[in-house]
Amino acid sequence: MKQFFLLAALLLQGTIVGAADLGTNEPHPFEQPSTAYLQKFAKPGEKTFVYERYDARGGFFQREVTPLAKPVQITSATERVINGVTYRLRGLTACPKAKITYKAQLWDCTKAVRDYDEAVYNTRTSVILCKTLVLKSQPGVPDAVSCFALVGAGNANDPYSVAYDDDSMVFFDMAAIGRNKDGKSLRPDLEHASDLGKQFQTDEAN
C-alpha cells in the first residue's frame, strides 16, 4: 500500500505535494493549499474539517472549522458525505467506465474509489479542506467543491503531504471532466492529470 501511494505521488506531479510545499499559504479559491496552510487547522488527536466559501471573483468569503464527527462516506467518485452533509466535486462526472485499471488490476470503478479515498480520508488524514464558490447552500443540492486532505504523520518516516481529491479522481480515471454545451472543459486545470493517467489504463478498461 505504501508503494502504491508513493507511485501515485510521483505520477500525479503535484496532486500530492510534500515538504517542498508547492501549494499556496493563503486562502485561494482554486490553488492547492500548502501543507503549512492545512497544518494551521490541525489539532492533536482530532480530525478537522475546514470549509471555505469564495465569491464569484475569487475573494475569500467565509470559513467554518469543525471537528470531523465521523468517517467520511464515499458514496461515488464525485460525492463525499462529511459530517452528514453531501458535497459534489466540481465539474466532474463519476465513473465514466464501469471497470478501471487500479493497482495494476481491473477493478470495479466505485470499489476502487472507495478503496483509495477511504485510505486518504479515514486512515491517513488529519485535516480535510473543501472549497466552494457557493455562498449559500441550497436545500437538497450538494455544493460543488474541490477537496484536499493533509495526510501523513508529520515525521521523517511519514512527512506531511497534500492529497488533492479532484485531481486524483481524474488521474485514476475514476471521474471524467465535464463539458459545457459548447464542448469546453469545465476543469481545464485537471486536463494534464487526465492525459497523464490515461497511459496507465489497460485496453480492457478502455
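Residues numbered from 1 in each chain as written. Predicted model: local features only at pLDDT ≥ 70, side-chain atom pairs only at ≥ 80, totals over all residues. Heavy atoms only, no water.

To continue, consider the overall build of the protein. Of regular secondary structure, the protein possesses 5 helices and 13 strands. Among the 206 residues that make up the protein, the fraction classed as buried is 45%. Carbon and sulfur atoms provide 53% of the accessible area of the protein, an area that totals close to 10,400 Å². (Helix = DSSP H or I, 4+ residues; strand = E, 2+ residues; numbered from the N terminus. Buried < 20%, exposed > 50% of the residue type's maximum accessible area, 1.4 Å probe, protein only. Areas by Shrake-Rupley, 256 points an atom, 1.4 Å probe, with all protein chains shown as cover.)

A separate point is the pairing of strand β9 (residues 105–108). Relative to β9, strand β8 (residues 99–102) runs antiparallel, the two being bridged by 4 bridges. The residue of β9 that forms the bridge with Ile-100 is Trp-107. Where β8 hands over to β9, the hairpin turn is made up of 2 residues, of which Lys-103 adopts a positive phi near 55°. (Pairing = 2+ DSSP bridges.)

Regarding helix α5 (residues 191–198), the residues found buried are Ala-193, Ser-194, Leu-196 and Gly-197. Axial view of α5: buried residues confined to an arc of 170°, hence all on one face. (Arc of directions from axis to C-beta.)

With that settled, the discussion passes to the state of the cysteines. What the rule picks out here adds up to 2 disulfides. A disulfide bridge connects Cys-95 with Cys-109, and the sulfur atoms are separated by 2.1 Å. Because the torsion about its S-S bond is -85°, the bridge between Cys-95 and Cys-109 counts as left-handed. Within this pair, whereas Cys-95 is found in the loop between β7 (92–94) and β8, its partner Cys-109 is found in helix α3 (residues 109–124), the two being separated by 14 residues in sequence. Across a sulfur-sulfur distance of 2.1 Å, Cys-130 and Cys-147 are joined as a disulfide pair. Taking the sign of the torsion about the S-S bond as the criterion, the disulfide between Cys-130 and Cys-147, at about 105°, is right-handed. (Disulfide = S-S within 2.5 Å.)

What follows deals with the packing of aromatic side chains. According to the stated counting rule, one finds 10 aromatic pairs in the structure shown. Their ring planes at 90° and their centres at 4.8 Å tell us that Tyr-102 and Trp-107 sit as a pair that is edge-to-face. Joined through ring pairs, the aromatic side chains of Tyr-102, Trp-107, Tyr-116, Phe-171 and Phe-172 make up one cluster. (Phe/Tyr/Trp six-rings, centres within 6.5 Å; stacked < 30°, edge-to-face > 60°.)

Turning next to the pattern of salt bridges. Oppositely charged side chains can pair when the atoms bearing their charge come close. Taken as a whole and assessed by the stated rule, the structure comprises 11 salt bridges. For the salt bridge of Arg-80 with Asp-165, the shortest nitrogen-to-oxygen distance reads 2.8 Å. Of this pair, Arg-80 sits in strand β5 (residues 79–82) while Asp-165 is found in helix α4 (residues 165–171), placing the two residues 85 residues apart along the sequence. In this structure, a network of salt bridges that share partners links the residues Arg-80, Asp-117 and Asp-165. (Salt bridge = Lys/Arg side-chain N within 4 Å of Asp/Glu carboxyl O.)

The next thing to look at is the pairing of strand β3 (residues 60–67). Pairing of strand β2 (residues 48–54) with β3, which is carried by 7 bridges, proceeds in the antiparallel orientation. Among the inter-strand pairings, Tyr-54 is bridged to a residue of β3, identified as Phe-60. Between the antiparallel neighbours β2 and β3 lie 5 residues, among them Gly-58 with a positive phi of about 90°.

As for its placement among the helices and strands, Tyr-54 is situated in strand β2. With 25 residues separating them along the chain, Tyr-54 and Pro-29 place their C-alpha atoms 6.0 Å apart. Tyr-54 has contacts with Pro-27, His-28, Pro-29, Gly-59, Phe-60, Phe-61, Lys-131, Thr-132, Leu-133, Val-134 and Leu-135, leaving out every residue within four places of it along the chain. (Contact = heavy atoms within 4.5 Å.)

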